[in-house]
Amino acid sequence: GCYKEIQSLSIDCPTKPLPCSWRGPLINVEDHLQECPNRRLACGFGCGAQFLISEKETHENGCHKRLTNCRYCDTSIPYDSLEDHYISCREYPVSCTYCKKNFSRRQEVSCYKHCTV
């Protein structure tokens with residue numbers, strides 16, 4: 001009946017603002033949108049950006065919310081929080097005020113006790 005007729009109607013690609021050249025039956029639009037080069041995606045890291053599917057890799061590689069590992073403790077941290085993480089990272093390198101040796105922040109306490117005795 002009517003449902004079958006509606007599903008067979010030919011439509012243009014519905015992506016906005018840049019529809020591609022696809023034209024096909026309404027029933028196939030969902031399949032097309034999974035592959036459409038002009039489909040917009042939301043950033044998976046939660047930064048709020050939207051971009052074309054063709055820009056996904058570029059955005060994800062430079063997103064300020066992408067996950068990166070702390071080079072000192074290997075904890076996974078959002079890139080824009082890395083500097084704040086270093087303030088409390090127990091493996092962050094510090095120098096002893098007294099003997100000037102380099103230690104991780106975790107080891108600094110024992111050096112401090114040793115050097116001030």
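The paragraphs below set out a description of the structure included in this document. As the structure is a prediction and not an experimental result, all values here were calculated from the model.

**Side note on the overall build of the protein**
When helices and strands are tallied, the protein shows 5 helices and 8 strands. At 27 Å, the protein has a C-alpha radius of gyration far larger than the 13 Å of a compact globule built from 117 residues. Dimensions of the protein, computed from C-alpha atoms along their principal axes, come out at roughly 90 × 25 × 15 Å. Here the protein, with 117 residues, has 23% of them falling under the buried criterion. Look at the contacts in the protein between residues 6 or more apart in sequence, and 1% of them connect residues 24 or more apart. Of the roughly 8,600 Å² of accessible surface on the protein, a fraction of 51% belongs to carbon and sulfur atoms.

**Overview of the state of the cysteines**
Within this structure, the stated rule accounts for 0 disulfides. Cys-20 takes part in no disulfide bond, and the closest cysteine sulfur, belonging to Cys-13, lies 3.7 Å away. Free cysteine Cys-70: the closest other cysteine sulfur is in Cys-73, separated by 3.7 Å. Since its relative accessible area comes to 2%, Cys-70 is described here as buried.

**What to know about unusual backbone geometry**
For Asp-74, which is not glycine, the phi torsion reads 65 degrees and is therefore positive. On the secondary structure map, Asp-74 appears in the loop between strand E5 (67-69) and strand E6 (76-78).

**Some remarks on the nonpolar core**
Membership of the largest hydrophobic core is limited to 5 residues, which are Cys-70, Ile-77, Leu-82, Tyr-86 and Cys-89. When near neighbours in sequence (up to four residues on either side) are disregarded, Cys-70 contacts Thr-75, Leu-82, His-85, Tyr-86 and Cys-89.

**Focus: the packing of aromatic side chains**
Applying the stated rule across the entire model yields 3 aromatic pairs. Here Tyr-72 and Tyr-86 contribute two aromatic rings whose centre-to-centre distance is 5.4 Å and whose plane-to-plane angle is 70 degrees, an arrangement assigned as edge-to-face. Of this pair, Tyr-72 sits in the loop between E5 and E6 while Tyr-86 sits in helix H4 (residues 82-88); the two residues are 14 residues apart in sequence, bridging distant segments of the chain. Between Tyr-86 and Tyr-92, the aromatic rings sit 5.4 Å apart at their centres with planes inclined by 40 degrees, giving tilted as the arrangement.

**Let's talk about the pattern of salt bridges**
Per the stated rule, a full pass over the model turns up 2 salt bridges. Two residues, Arg-23 and Asp-12, come together in a salt bridge whose shortest N-O distance is 2.6 Å. Taken together, the residues span a long stretch of sequence, with Arg-23 in strand E2 (residues 23-25) and Asp-12 in strand E1 (residues 10-12) at a distance of 11 residues.

**A word on the side chain of Gln-7**
Structurally, Gln-7 is set in helix H1 (residues 2-8). The residues contacting Gln-7, other than those within four sequence positions of it, are Pro-25, Leu-26 and Ile-27.

**Here we look at the environment of Ile-27**
With respect to the element layout, Ile-27 can be found in the loop between E2 and helix H2 (29-35). A relative accessible area of 53% places Ile-27 in the exposed class. In sequence terms Ile-27 and Gln-7 are 20 residues apart; their C-alpha atoms lie 4.8 Å from each other.

So, how was this worked out
- Residues numbered from 1 in each chain as written.
- Predicted model: local features only at pLDDT ≥ 70, side-chain atom pairs only at ≥ 80, totals over all residues.
- Heavy atoms only, no water.
- Helix = DSSP H or I, 4+ residues; strand = E, 2+ residues; numbered from the N terminus.
- Rg over C-alpha atoms; globule rule 2.2 N^0.38 Å.
- Buried < 20%, exposed > 50% of the residue type's maximum accessible area, 1.4 Å probe, protein only.
- Contact = heavy atoms within 4.5 Å.
- Areas by Shrake-Rupley, 256 points an atom, 1.4 Å probe, with all protein chains shown as cover.
- Disulfide = S-S within 2.5 Å.
- Core = buried A, V, L, I, M, F, W, Y, C linked by side-chain atoms within 4.5 Å.
- Phe/Tyr/Trp six-rings, centres within 6.5 Å; stacked < 30°, edge-to-face > 60°.
- Salt bridge = Lys/Arg side-chain N within 4 Å of Asp/Glu carboxyl O.

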